[in-house]
Structures are given as C-alpha cells and as structure tokens.
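Here's the letter readout for the chains.
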Amino acid sequence: MEKQNGKRSIRMAVFAVVMGVLPFTGVARASTASSNAASTAPAVSARQAVPSTAPAEAPVLTQHVLQLIKEHRLVELRTIYNGPFAAAMFFNPSTLNYTVVLLKNHDFWWVGQTADGHKAEMLYTKLATQTIRLSAPDIAKIQLDARIAVARSSLLAQKKREAELEQQISAQQKIMQAGTAAQSQLLSEAQALNSQRQELQRRLDQTNTAIAGLQSKAQEGPSLGDLQTLPSASASVGTTPHQKPRIQVRATAHS
C-alpha cells in the first residue's frame, strides 16, 4: 500500500510539473526532444555530481521525461523517500531506457537517463543515499519545530498552572486573613466576657460574704446586754416584799 501511495505521489507531482502548476527544475545531460533521440542519449555517469539547489529552468531531457510520464509511457520501478526528498527510477518498455530522478517535494532537481540497467541501479542507489544527506537539515528542522511547539505548549501549560497556584495561594491568604481577624474578634470578645465574669464573681463574693454575716447573726440570738435594760420586780412594788394571802381551808363534817 505504501509503495502504491508513493508511486501515486510521484506521478501526481510529475503531472503537476508537466501541467505548469509547479516550475520546471532539474539538471540532466541535454538530448533531442524526440523519443528516438532520447532512446539513444548517452549514459549518465553514476559519479556525476548532484546539485545542492535546483536551477530555475528545466533542461531538454527533463522536459522530455516529464512528457513521457504524462503520456504514461514510463513504468516506476523504485522510489525512496527521505524527508522532503525522493529518488525514483523509471523504465521505458518501448526503448528499454532507464530514467533516474531526484526530487524535493514536487521539484525535479536532477534527471538522468541510461540504457544500462546496472548503471541505472547504481545511479538510483547513489541518489537514494544522497537523499539521506540532503534531507538531514529538513528532518532536523521538522524535529526542532516539533520540540519548539511542545516546549511552547508546555510553557503555556506551566504558566497557566503558575497562575492557578498564585490564585490559590491568594485565596488561601485571604481565607487565613479573614480567619485571623475572626479569631482576633473572638479573643477580644472572650477577654471582655472574662472581665464581666470577674466583676460578677467579685459581686457574688461580696453578696455571699454579706449573707454569711447575716446568717451568723441570725443564729446567735439576742444578747444579754439587751436584757439589763428591763426594770426589776422590786422596783415596781416598793421595798416591802409582797406576801401572798394565805388561803384557809376548813373541814366540814356532814351527817
């Protein structure tokens, strides 16, 4: 399935270039535009250098290969992807020629053609290897962009967490301040109540002392000093002592 998707992607890219959606780019050894001349084009050396950047205008061979792909006259044999780079090898059944290309995204960087299948394999292997080196900066950028995005997301999450903690601490401080103020108010009220209690206790003690004194006096009875003020019996009747009259009892005989 991945191979079919890769082939479809290559064909779509080539078709887009052919239809003028994307600019023609590439490097190749020049040849005639006819298919007969293309079939007799000299073989491309596997040691030929691959450019680091794509030229602005495609050479004749690149245009010819794009035309063959558009007409479905080339069969895709191999394709390898490394980051945005790809190397592909095509085969022309009508001419028995091999075409090897190097692409970045949809831009053709390099196109080569040979009738030697072994040289085509060597050239494809070289281009496939170079896609690893060429794609290294792109792959590093993709990874760095992802790490930066994750770092930014983590930073935003941490800042949000920091703000939440600050709000939580602020709310806790307000609660503590309100609680401390309430406790201070309760302490003041308790001190006032304690003062009232002490005053009531003092008055209660005074009342208890007074009650105890009154109870003690009530249990003593009248004092002798009060009795000396009463008049004597001799003073009321004179100096002669009062003699009671004798009562005579007579016996009477009854017959």
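Look a little higher up for the structure.
For every chain, the first residue of its written sequence is number 1, and the numbers climb from 1 along that sequence. Local features in a predicted model are, by the rule used here, given only for residues with pLDDT of at least 70; side-chain atom pairs are given and counted only at 80 or more, and totals for whole chains, interfaces and linings are based on all residues. No hydrogens and no water enter the side-chain calculation; it runs on all heavy atoms of the structure.

Draft legend 1. Fine view of the environment of N82. Labels follow the DSSP assignment, with helices taken as runs of H or I lasting at least four residues and strands as runs of E lasting at least two, numbered in each case from the N terminus. Here N82 lies in strand β1 (residues 75-82). Residue contacts are counted whenever heavy atoms from the two residues lie within 4.5 Å of one another. Sequence-distant contacts of N82, that is, excluding residues within four places in its chain, are made with A128, T131, I132 and S135. Each polar contact in these results corresponds to two N or O atoms within 3.5 Å; when the atoms are within protein, one needs to be able to donate a hydrogen and the other to accept it, and residues that are neighboring in sequence are counted only if both atoms are side-chain atoms. Of note is the side chain of N82, whose polar atom sits 2.9 Å from the side chain of T131.

Draft legend 2. Seen up close, the nonpolar core. By nonpolar core we mean a set of buried residues, namely Ala, Val, Leu, Ile, Met, Phe, Trp, Tyr and Cys, connected to one another through side-chain atoms within 4.5 Å. Each residue is placed in one exposure class: buried if its accessible area under a 1.4 Å probe, protein chains only, is under 20% of its type's maximum, exposed if it is over 50%, and partly exposed if it falls in between. The biggest cluster of nonpolar side chains holds 15 residues, and the ones touching the most others in it are V100, L102 and L127. Of all elements in the fold, only β2 (85-92), β3 (97-104), β4 (107-114) and α4 (117-220) reach the threshold of two or more residues within this core. Judged by nonpolar contacts, the second largest core, of 12 residues, contains I69, L74, A88 and F108.

Draft legend 3. Summary view of unusual backbone geometry. Here the phi dihedral of H72 falls at roughly 60 degrees; this positive angle occurs in a residue that is not glycine. Counting through the fold element by element, H72 comes out in the loop between α3 (60-70) and β1. Its identity is not glycine, yet L96 carries a phi of approximately 60 degrees, on the positive side. By secondary structure assignment, the location of L96 is in the loop between β2 and β3.

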